[in-house]
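The lines below spell out each chain.
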Amino acid sequence: TVDVGVLGLPSGDVPNGVRSRVIARDRHVAVVPVDHPLAGRRSVDLARLADETFVDFPTDTPGRAQSDRAFEAIDMSREVAFEVMAIDILADLVRSGLGIALLPSAVAPSDDPTLTTVALRRGPTRTEHLAWSAFNPSPAADAFVRSVRDDATV
């Protein structure tokens, strides 16, 4: 069983069936190879990316929903050629030039000299929630949640 979890959801979504607290908010960035035409730009509008090939999480997952909703909000679609569940595999595919990715800035690869990030205008946003049982949480979960409440800033 899991006493406490961290859930990254599209902004505006809230976890169901659990108690939760917002612990962070983040904006997505475009992750591109260093030789990509967008590399070196300070920012790019999301609409400019619609013709790119993407690497993303599988359809109907919270990690994917954030990007899908952002494109829907600007009435555009995109091609997702590769669906993966792990950020390291996603980064390998981007590094190989097979597509670009949108990731929250906090989890985007930052120490890889073969990849770079570009800030997005009108891009996806994400909210991190600390989540725990709404019914009979364990003493350890209660203590952990209290410590995070005391230390966390949003």
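Remember, it's a predicted structure, so these values are computed and weren't measured experimentally.

Describing the overall build of the protein chain
A count of helices and strands for the protein chain gives 3 helices and 8 strands. From first element to last, N terminus to C terminus, the protein chain shows the α and β order β-β-β-β-α-β-α-β-β-β-α. On the principal axes, the C-alpha backbone points of the protein chain span a range of 50 × 35 × 25 Å. Here the protein chain holds 154 residues, and 42% of them are scored as buried. Long-range contacts, defined here as pairs at least 24 residues apart, represent 80% of the contacts in the protein chain between residues at least 6 apart. Accessible surface, the protein chain as shown: approximately 8,500 Å² in total, 50% of it carbon and sulfur.

Focus on helix 1 (residues 62-73)
Helix length check: helix 1, at 12 residues, gives a terminal C-alpha distance of 16 Å against a target of 16 Å (1.5 Å per residue), a fit within 8%. Considered for burial, the residues of helix 1 that qualify are G63, R64, A65, Q66, S67, D68, A70 and F71. Looking at the buried residues of helix 1, the elements they touch are strand 1 (4-10), strand 2 (18-33), strand 4 (53-56), strand 5 (79-83), strand 6 (101-104) and strand 8 (125-133). D75 sits one or two residues past helix 1 and shows a positive phi near 60°.

Structural notes on the packing of aromatic side chains
Geometrically, a pair of aromatic rings is defined through the distance of the ring centres and the angle of the planes. Within this structure, the stated rule accounts for 1 aromatic pair. Cation over ring: R78 sits above F54, and NZ or CZ is 4.8 Å from the ring centre.

Re the environment of R42
Along the chain, the position of R42 falls in the loop between strand 2 and strand 3 (43-45). For the pair formed by R42 and F54, sequence separation is 12 residues and the distance between their alpha carbons is 20 Å.

A look at the pattern of salt bridges
Following the criterion strictly, the structure yields 10 salt bridges and no others. In this structure, the salt-bridge partner of D68 is R64, at a minimum N-O distance of 3.1 Å. Here D68 pairs with R64, and both are found in helix 1, just 4 residues apart, close to one helical turn. Considered together, D68 and R64 belong to a single accessibility category, that of buried residues. Close ionic contact of R126 with E128 constitutes a salt bridge, the shortest N to O distance being 2.6 Å. Both residues of the pair, R126 and E128, belong to the buried class.

Comments concerning the side chain of D45
Relative to the helices and strands, D45 is located in strand 3. Within the structure, the side chain of D45 is placed 3.0 Å from the backbone nitrogen of A47, a separation counted as a polar contact. With residues near it in sequence (within four places) discarded, D45 still touches R121 and R122.

With respect to the environment of L115
Looking at the secondary structure, you find L115 in strand 7 (residues 115-121). Separated by 94 residues in sequence, L115 and R21 have C-alpha atoms that sit 33 Å apart. Look past the residues within four positions of L115 in its chain and what remains in contact with it is V31, V32, P33, V34, A91, V94, R95 and P109.

The rules behind each value
- Residues numbered from 1 in each chain as written.
- Predicted model: local features only at pLDDT ≥ 70, side-chain atom pairs only at ≥ 80, totals over all residues.
- Heavy atoms only, no water.
- Helix = DSSP H or I, 4+ residues; strand = E, 2+ residues; numbered from the N terminus.
- Buried < 20%, exposed > 50% of the residue type's maximum accessible area, 1.4 Å probe, protein only.
- Contact = heavy atoms within 4.5 Å.
- Areas by Shrake-Rupley, 256 points an atom, 1.4 Å probe, with all protein chains shown as cover.
- Expected span 1.5 Å × (residues − 1).
- Phe/Tyr/Trp six-rings, centres within 6.5 Å; stacked < 30°, edge-to-face > 60°.
- Lys NZ or Arg CZ within 6 Å of the ring centre and 35° of its normal.
- Salt bridge = Lys/Arg side-chain N within 4 Å of Asp/Glu carboxyl O.
- Polar contact = N/O pair within 3.5 Å; in protein donor to acceptor, adjacent residues only side chain to side chain.

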